[in-house]
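A closer look at the structure
Here is how the chains run, residue by residue.
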Amino acid sequence: MKKNYTECLEIILEHEGGFVNHPKDPGGITNHGVTKKVYDKWIGRKSTVEEMRNLTHKDVAPIYKKNYCAKCDQLPSGVDLCVFDWAVNSGVSRSAKALQRIVGVKQDGGIGPMTLQAVAEIEPDQIITQMHYMRDNFYRSLSTFD
């Protein structure tokens, strides 16, 4: 991810879209994939709806880097994007646990040396394919899925 963070971020931001406040979304007010709760914590105070509406890619990029892709630097290209993107959408722990399940290590939600070693022993394409199916099944299981 060190080499392709910018490209991964651009892909994620393109899919995240802009401002939303959908009543079925448990994240509530969100812009560029960053929830109001996450943004408020980042800035150390309550933000307004107008502030959330006016967020730019430049505003959210450091949040993505710090909060969602800390261990992605050590993952193979493609796997890093899958883990990063799922972390943004469903939380870092869920994304890490999915990766750990795929590679057959303890699912503790932290990507450490054992997880990285197991990842290195499996072709990235296999991991990416399995993450796709796990993620799709997870989203289909949600009550907010239409």
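Residues numbered from 1 in each chain as written. Predicted model: local features only at pLDDT ≥ 70, side-chain atom pairs only at ≥ 80, totals over all residues. Heavy atoms only, no water.

What follows deals with helix α4 (residues 57-68). Looking at α4, one finds that the buried residues are V60, A61, I63, Y64 and Y68. Its buried side turned inward, α4 meets α1 (5-16), β1 (30-31), β2 (34-35), α2 (36-43), α5 (79-90) and α6 (92-103). (Buried < 20%, exposed > 50% of the residue type's maximum accessible area, 1.4 Å probe, protein only. Helix = DSSP H or I, 4+ residues; strand = E, 2+ residues; numbered from the N terminus. Contact = heavy atoms within 4.5 Å.)

Right, let's get into helix α7 (residues 113-120). Residues of α7 that are buried: T115, L116, A118 and V119. Down the axis of α7, the sector holding all buried residues measures 160 degrees, keeping them to one side. Turned more than 90 degrees away from the buried face of α7 sit P113, M114 and A120, all of them exposed. If you follow the buried residues of α7, they end up packed against α6 and α8 (124-141). (Arc of directions from axis to C-beta.)

It is worth spelling out the side chain of D40 at this point. Assignment of secondary structure puts D40 in helix α2. Setting aside anything within four residues of it in sequence, one finds D40 in contact with R45, K46 and S47.

It is worth spelling out the nonpolar core at this point. Y64, L75, F84, L99 and M131 are the most contacted members of the largest nonpolar core, which totals 39 residues. Of all the secondary-structure elements, those providing two or more residues to this core are α1, α2, α4, α5, α6, α7 and α8. Per-element tally for this core: the top contributor is α5, with seven residues. Discounting chain neighbours no more than four positions away, the residues touching Y64 are Y5, L9, I12, L13, E16, H32, G33, V34, C69, F84 and V88. (Core = buried A, V, L, I, M, F, W, Y, C linked by side-chain atoms within 4.5 Å.)

A separate point is the side chain of S95. Summarising the element assignment, S95 is placed in helix α6. Note on S95: relative accessible area 0%, which makes it buried. Leaving out residues up to four positions away in the same chain, S95 has contacts with C82, V83, W86, A87 and M131.

Turning to the packing of aromatic side chains, a few remarks are in order. In the structure shown here, the tally under the stated rule is five aromatic pairs. Here Y5 and F84 contribute two aromatic rings whose centre-to-centre distance is 5.9 Å and whose plane-to-plane angle is 25 degrees, an arrangement assigned as stacked. A residue pair is termed long-range when its members are at least 10 positions apart, and Y5 in helix α1 and F84 in helix α5 qualify at 79 residues. Neither Y5 nor F84 differs from the other in exposure class; each is buried. Each ring, one from Y64 and one from F84, has its centre 6.1 Å from the other, and the planes form 80 degrees; the classification is edge-to-face. You can see Y64 sitting in helix α4 and its partner F84 sitting in helix α5, a full 20 residues away along the chain. Given the relative accessible area of 0%, F84 is considered buried. Members of the aromatic cluster, each reached through a chain of ring pairs, are Y5, Y64, Y68 and F84. The ring of F19 carries the charged tip of R53 above its face, separated from the ring centre by 4.1 Å. (Phe/Tyr/Trp six-rings, centres within 6.5 Å; stacked < 30°, edge-to-face > 60°. Lys NZ or Arg CZ within 6 Å of the ring centre and 35° of its normal.)

By themselves, these are just geometric observations and shouldn't be taken as functional.
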